[in-house]
Amino acid sequence: MELLKAKIVHLSRCRSITRSLLRNILQLDPSLNKTYQSSASQLSGWLHISLKKAEYIYSDLHNVGLQKQVIKDMQLYQTVTIVDEYYPPMLNTIKDAPIVLYTLGDVDILKKLPSLSVIGTRNPTSQAQRKMAVILPLIQQGWVIVSGMARGIDSFAHQMALYHNGKTIAVLGGGFHHIYPSEHLPLFHEITQKGLVITEYPPDQPPKRHQFPERNRIISGLTMGTLVIEAMERSGTLITVDQALDQGREVFAIPGNPWVQQTKGCHQMIQDGAKLVQETKDITIEYEGILLEN
């Protein structure tokens, strides 16, 4: 299993490899033996990809430097692949599930339920902290709080969980060597000590704009539902909400002053069918209903 894990991690970092192509390769060649033994032209043939793409993959599969870097990274960071027992079952049900997760911290948290994504604007109002009191009973009851370690609501959620000795998972939009925003480096280190930080990006990969929407599907995919504390009418928060709905997850939103820009996104979500949250039981009732259905 460890050898297969290393092969999956290695293959995920080859040029021209996409998640969909890697998923296809794993279906066609579960052991990956054929992949490693094939020539570039053979890869091109049975994977139905261009010879140029196949040549990139072949070259990187036999790149000793890349092989050594993968081994080093796997020694420094616990990796969880889609074939591992630690891979979160809920995450495995979403479309385009990540193939590889790099982790720092208590990897056992990946198996803990229930869990809730808590997200919102990077520019919260002065009322945001009071609104977040709704998740305190959940933290005290052992719920795992998942967020993206961004400025604003994300950091509030992680900090509240840590302060009250709860469990939290931060999902990053880049590798561990490039923490963003940089002022959250102390928060990153605290979460690695008391919670869990995960990313699907290799340690040396800096965050790029398109990676944050990709990251958001993991935030929503890890949990039974997503709670929006505050959100602008047009914001990245809505991307996570759309992904949560697409994944069949619950969406919760806290209302606020209708004249405040940071609450307009929540009001729109509620009009579109999100569960209005005024107190903690508005969330727990939905979770109990999910348990009864299953």
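Residues numbered from 1 in each chain as written. Predicted model: local features only at pLDDT ≥ 70, side-chain atom pairs only at ≥ 80, totals over all residues. Heavy atoms only, no water.

### Re the nonpolar core
Turning to step 1, where the next piece is worked out: Counting residues in hydrophobic clusters, the biggest one holds 65 residues, and the most contacted among them are L11, I169 and L222.
Turning to step 2, where the next piece is worked out: Core analysis: the second largest hydrophobic core is formed by 23 residues, L138, I139, M160 and I254 among them. (Core = buried A, V, L, I, M, F, W, Y, C linked by side-chain atoms within 4.5 Å. Buried < 20%, exposed > 50% of the residue type's maximum accessible area, 1.4 Å probe, protein only.)

### Let's talk about the pairing of strand β4 (residues 144-147)
Turning to step 1, where the next piece is worked out: Side chains of β4 alternate between two faces, with V144 and V146 and I145 and S147 buried alike.
Turning to step 2, where the next piece is worked out: In this sheet, β4 lies alongside strand β3 (residues 115-119) in parallel orientation, the contact comprising three bridges. Directly across from S115, in β4, lies its bridge partner V144.
Turning to step 3, where the next piece is worked out: Across four bridges, β4 lies against strand β5 (residues 167-171) in parallel orientation. (Helix = DSSP H or I, 4+ residues; strand = E, 2+ residues; numbered from the N terminus. Pairing = 2+ DSSP bridges.)

### Notes on the side chain of T79
Turning to step 1, where the next piece is worked out: Structurally, T79 can be placed in strand β1 (residues 78-81).
Turning to step 2, where the next piece is worked out: Ignoring sequence-local partners within four residues, the contact set of T79 consists of K5, V9, M74, D84, L101 and Y102. (Contact = heavy atoms within 4.5 Å.)

### Comments concerning the packing of aromatic side chains
Turning to step 1, where the next piece is worked out: Scanning the entire structure with this criterion turns up four aromatic pairs.
Turning to step 2, where the next piece is worked out: Geometrically, the ring pair formed by W143 and Y287 is edge-to-face, given 5.1 Å between the ring centres and 65 degrees between the ring planes. Here the residue W143 occupies a position in the loop between α8 (136-140) and β4, and Y287 occupies one in helix α14 (residues 281-293), the gap between them amounting to 144 residues.
Turning to step 3, where the next piece is worked out: On the basis of relative accessibility, which here comes to 4%, the residue W143 falls in the buried class. (Phe/Tyr/Trp six-rings, centres within 6.5 Å; stacked < 30°, edge-to-face > 60°.)

### Some thoughts on the side chain of D84
Turning to step 1, where the next piece is worked out: Of note, D84 is situated in the loop between β1 and β2 (100-105).
Turning to step 2, where the next piece is worked out: From its side chain, D84 meets the backbone nitrogen of T81 in a polar contact 2.6 Å long. (Polar contact = N/O pair within 3.5 Å; in protein donor to acceptor, adjacent residues only side chain to side chain.)

### Brief notes about helix α10 (residues 185-194)
Turning to step 1, where the next piece is worked out: When we look at burial in α10, the residues that qualify are L187, F188, I191 and T192. The arc enclosing the buried residues of α10, seen along the axis, measures out at 135 degrees, which places them on a common side. Pointing more than 90 degrees away from the buried face of α10 are the exposed residues P186 and Q193.
Turning to step 2, where the next piece is worked out: Those residues of α10 that are buried are in contact with β2, α9 (153-163), β5 and β6 (196-199). (Arc of directions from axis to C-beta.)

### A short note on the pattern of salt bridges
Turning to step 1, where the next piece is worked out: All told, the structure shown has 16 salt bridges when counted by the stated rule.
Turning to step 2, where the next piece is worked out: Close ionic contact of K111 with E85 constitutes a salt bridge, the shortest N to O distance being 3.7 Å. Linking K111 in the loop between β2 and β3 with E85 in the loop between β1 and β2, this pair joins segments that are 26 residues apart in sequence.
Turning to step 3, where the next piece is worked out: Among the residues examined, E85 registers a relative accessible area of 64% and is labelled exposed.
Turning to step 4, where the next piece is worked out: E190 is the partner of K194 in a salt bridge, and the nearest nitrogen-oxygen pair spans 3.3 Å. With a gap of four residues between them, K194 and E190 both fall in helix α10, about one helical turn apart. (Salt bridge = Lys/Arg side-chain N within 4 Å of Asp/Glu carboxyl O.)

### Things to note about the UniProt feature "domain: Smf/DprA SLOG" (unreviewed entry) in the protein
Turning to step 1, where the next piece is worked out: UniProt's feature table lists "domain: Smf/DprA SLOG" (unreviewed entry) at residues 79-287, given in the numbering used throughout.
Turning to step 2, where the next piece is worked out: Between the C-alpha atoms that bound residues 79-287 there is a distance of 30 Å. The span itself is 33% helix and 18% strand. (UniProt positions renumbered as here; feature names shortened; annotations may be inferred.)

### Side note on unusual backbone geometry
Turning to step 1, where the next piece is worked out: Following L113, the chain continues to P114 via a peptide bond in cis, the omega torsion being 0 degrees.
Turning to step 2, where the next piece is worked out: Within the fold, P114 resides in the loop between β2 and β3.
Turning to step 3, where the next piece is worked out: Geometrically, the link from Y180 to P181 is a cis peptide bond, its omega value of -5 degrees lying close to zero.
Turning to step 4, where the next piece is worked out: For L32, which is not glycine, the phi torsion reads 65 degrees and is therefore positive.
Turning to step 5, where the next piece is worked out: Structurally, the position occupied by L32 is in the loop between α2 (19-28) and α3 (33-37).
Turning to step 6, where the next piece is worked out: The phi dihedral of N165 is positive, around 55 degrees, even though this residue is not glycine.
Turning to step 7, where the next piece is worked out: Mapped onto the fold, N165 is located in the loop between α9 and β5.

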